[in-house]
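Report on the structure
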Amino acid sequence: MGELRLPLGDYRETVHLCRLCGNCRQAGTTYLPCCPAGERFGFDEYYSRGKAIIAGQLLKGSLAWSRSLAEVVYRCAVCGACVEQCPVSYKDYILDVFAALREECVERSLVPREVGDFLENVYKYGNPWAEPRQKRGLWAEGTGIGEYERGEDFLYYVGCMGSFDTRGIEMARALGEVLLASGLSFGILGSGETCEGNEVKLLGERGLFEILAGENIRRFTGLGVKRVVTLSPHAYNAMKNEYPAYGGNFEVKHYTQLLVEMVVDGRIDLSKGVEARVTYHDSCFLGRYNQEYEAPRKILRSIPGVELVEMERNRENSFCCGGGGGNFYTDFFGSEPNSPARIRVREALDTGADILAVACPVCLTMLDDAAKAEGTEGGMRVMDISEILASLVLPERGSS
């Protein structure tokens, strides 16, 4: 599996396609900043054009590989905002150059300690937090959600955040209970699930990603899985766009794509409604990576009483929460006032929203923590769309 090569050398010519125009700093339609790393650290090397310069100098030999250089390389959420704004053909190679820089850091054993811990824990335990594999399915206890059985319509893939992160577990349970209430035929892998590898690949460990993809594909195939619904846009991205190259040809949906179908055909009844002003934060891996902007919004518009309002930066111009590329674990952006998540929460507050809605466990925990740091207790709530729906279709959750 995979091609053996020195990654960065493959882009010797393409890095020069960057015109160094600086369009990667802001959205061309709103003139608002778009790069979370640039907003957090402020220096040119954190933007796409700065990394093009770094890559070019490394290839010419005028810059040496070092741990301090690797620290810069990894302070990026790989959110793709720079790709949206790049006006030249270099846009087709930006994420590949980022990946090549990181793969080279792995090859040269230069990765920051936090990245090394993430990768080692996923290799040993199947998750970044070194939690025992047998605890992976504990989130489902008491819900009535069973393990996947051959012939069921969907495998519900929960992922690491949904299995071990506190807010992720709440989201995983909410979605699972909504799916149960709808009558959908589905099951989970429980302790048999392992990391899908999306962040592992983004951190530059291609070999480990291939191991994880191979394990998941063999497990899914052995169980006769045909259709997968994912909790996380990150898992959706890996399984939809990366797994086919390794023989994993499953029908993959993000949960909002499945729920919007069920709302339209009446399997989920939202008539209870809720009076709330709601703004939606686009996940980078659902939006920019997979162009799914409407499914979450259609669900929210279907709820009687909801007034959906947009933040100034939305859809392809959305501003990342800062959790992508493993930053939800490495925490390279921190919790300072100019951290991406706190900037995004203040943008949501400017809309006057009662609820900041998300459709991703990474965004949920990043923005929930940021909202607490901004002191929004008693005001705007950060909720995943699955949690909003659970409060409408599950009587015991109605008052939560």
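A brief look at the structure comes next. Note that this is a predicted model, so its numbers are computed, not measured.

1. Quick word on the sheet that holds strand β4 (residues 251–254)
Here four strands make up an open sheet; going across it, the order is β2-β1-β3-β4 and the pairing parallel. Each edge of the sheet is formed by a strand with only one pairing partner; in this case those strands are β2 (186–187) and β4. Pairing of strand β3 (residues 227–230) with β4, which is carried by four bridges, proceeds in the parallel orientation. Looking across to β4, one finds that Val228 is bridged to Val252. Lying over the sheet, helix α11 (residues 233–242) contacts β1 (154–157), β3 and β4, oriented at roughly 160° with respect to β4.

2. Brief notes about the environment of Val229
Residue placement: Val229 occurs in strand β3. Classification of Val229 as buried rests on a relative accessible area of 0%. When the C-alpha atoms of Val229 and Arg19 are compared, they prove to be 40 Å apart, with 210 residues separating the residues in sequence. Once residues within four sequence positions are removed from consideration, Val229 is found in contact with Phe154, Leu155, Tyr156, Tyr157, Lys253, His254, Tyr255 and Leu258.

3. Things to note about the packing of aromatic side chains
Aromatic rings in a pair are described by how distant their centres are and how their planes are angled relative to each other. Counting across every chain of the model gives 12 aromatic pairs. Taking the centre distance of 5.9 Å and the plane angle of 80° together, the rings of Trp139 and Tyr156 count as edge-to-face. One end of the pair, Trp139, is in the loop between α6 (113–125) and β1; the other, Tyr156, is in strand β1, and 17 residues separate them in sequence. Ring centres 6.3 Å apart and planes at 55° place the aromatic pair Phe209 and Tyr243 in the tilted group. Pair noted here: Phe209 is in helix α10 (residues 206–222) and Tyr243 is in the loop between α11 and β4, with a separation of 34 residues, a long-range link. Like Tyr243, Phe209 is buried. Site record: aromatic cluster; members linked through ring pairs are Phe118, Trp129, Phe164, Phe328 and Tyr329. Lys51 extends its terminal NZ or CZ atom over the ring of Phe98, reaching a point 5.6 Å from the ring centre.

4. Describing the pairing of strand β5 (residues 276–280)
Side chains on a regular strand alternate between the two faces of the sheet. The buried count for β5 comes to four of five residues, which makes it a mostly enclosed element. With respect to chirality, the unit in which β5 leads through helix α13 (residues 294–301) into the neighbouring parallel strand β6 (residues 306–309) is right-handed. In terms of strand pairing, β5 meets strand β7 (residues 355–358) through three bridges, oriented parallel. For Thr279, the partnering residue across the bridge sits in β7 and is Leu356.

5. Remarks on the sheet that holds strand β8 (residues 381–384)
Taken in spatial order, the four strands of this open sheet run β6-β5-β7-β8, and their pairing is parallel. Both edges of this open sheet fall to β6 and β8, since each of them pairs with a single strand only. Sheet twist, expressed as the mean angle between neighbouring strand axes with direction ignored, is 35°. Its contacts with the sheet place helix α16 (residues 361–373) against β7 and β8, and it is angled at close to 170° to β8.

6. Concerning the environment of Glu71
Tracing the backbone through its elements, the reader meets Glu71 in helix α3 (residues 67–74). Owing to a relative accessible area of 29%, Glu71 belongs among the partly exposed residues under this scheme. The spatial distance from the C-alpha of Glu71 to the C-alpha of Arg167 is 28 Å, given a sequence separation of 96 residues. At a separation of 2.6 Å, a polar atom in the side chain of Glu71 contacts the side chain of Arg75.

7. Some points on the packing of helix α2 (residues 48–60) against helix α5 (residues 94–107)
At their nearest, the axes of α2 and α5 sit 11 Å apart, and the two run at 55° to each other. Judged by the inter-axis angle, α2 sits oblique to α5. α2 and α5 meet at a crossing whose hand is left-handed. Here Ser48, Lys51, Ala55 and Leu58 of α2 come into contact with α5, specifically with Ile94, Val97, Phe98 and Leu101. Considering only residue class, the contact of α2 with α5 consists of six nonpolar, one polar and one charged.

8. Concerning the pattern of salt bridges
Scanning the entire structure with this criterion turns up 30 salt bridges. Residues Glu310 and Arg297 are paired through a salt bridge, measuring 2.7 Å at the closest nitrogen-oxygen approach. Highlighted residues: Glu310 in the loop between β6 and α14 (327–330) and Arg297 in helix α13, separated in sequence by 13 residues. Classification of Glu310 as partly exposed rests on a relative accessible area of 29%. Exposure remark for Arg297: the relative accessible area of 0% places this residue in the buried category. Within this structure, Asp282, Glu294, Arg297, Arg301, Glu310 and Arg315 form a network of salt bridges that share partners.

9. Brief notes about unusual backbone geometry
Look at Tyr31: it is not a glycine, yet its phi comes out positive at around 60°. Secondary-structure assignment places Tyr31 in the segment before α1 (36–41). Residues other than glycine seldom take positive phi values, yet Ser109 does so here, at roughly 55°. Within the secondary structure, Ser109 sits in the loop between α5 and α6.

Cut-offs applied
Residues numbered from 1 in each chain as written. Predicted model: local features only at pLDDT ≥ 70, side-chain atom pairs only at ≥ 80, totals over all residues. Heavy atoms only, no water. Pairing = 2+ DSSP bridges. Helix = DSSP H or I, 4+ residues; strand = E, 2+ residues; numbered from the N terminus. Contact = heavy atoms within 4.5 Å. Axes fitted to C-alpha atoms, helices over the stretch in contact; angles between N-to-C directions. Buried < 20%, exposed > 50% of the residue type's maximum accessible area, 1.4 Å probe, protein only. Phe/Tyr/Trp six-rings, centres within 6.5 Å; stacked < 30°, edge-to-face > 60°. Lys NZ or Arg CZ within 6 Å of the ring centre and 35° of its normal. Right-handed = clockwise from strand over helix to strand, strands pointing away. Polar contact = N/O pair within 3.5 Å; in protein donor to acceptor, adjacent residues only side chain to side chain. Parallel < 35°, antiparallel > 145°, perpendicular 65-115°, else oblique. Left-handed = near helix turned anticlockwise from the far one by under 90°. Nonpolar A, V, L, I, M, F, W, Y, C, P; charged D, E, K, R; others polar. Salt bridge = Lys/Arg side-chain N within 4 Å of Asp/Glu carboxyl O.

Everything listed is a geometric property; what it means functionally is a separate question.
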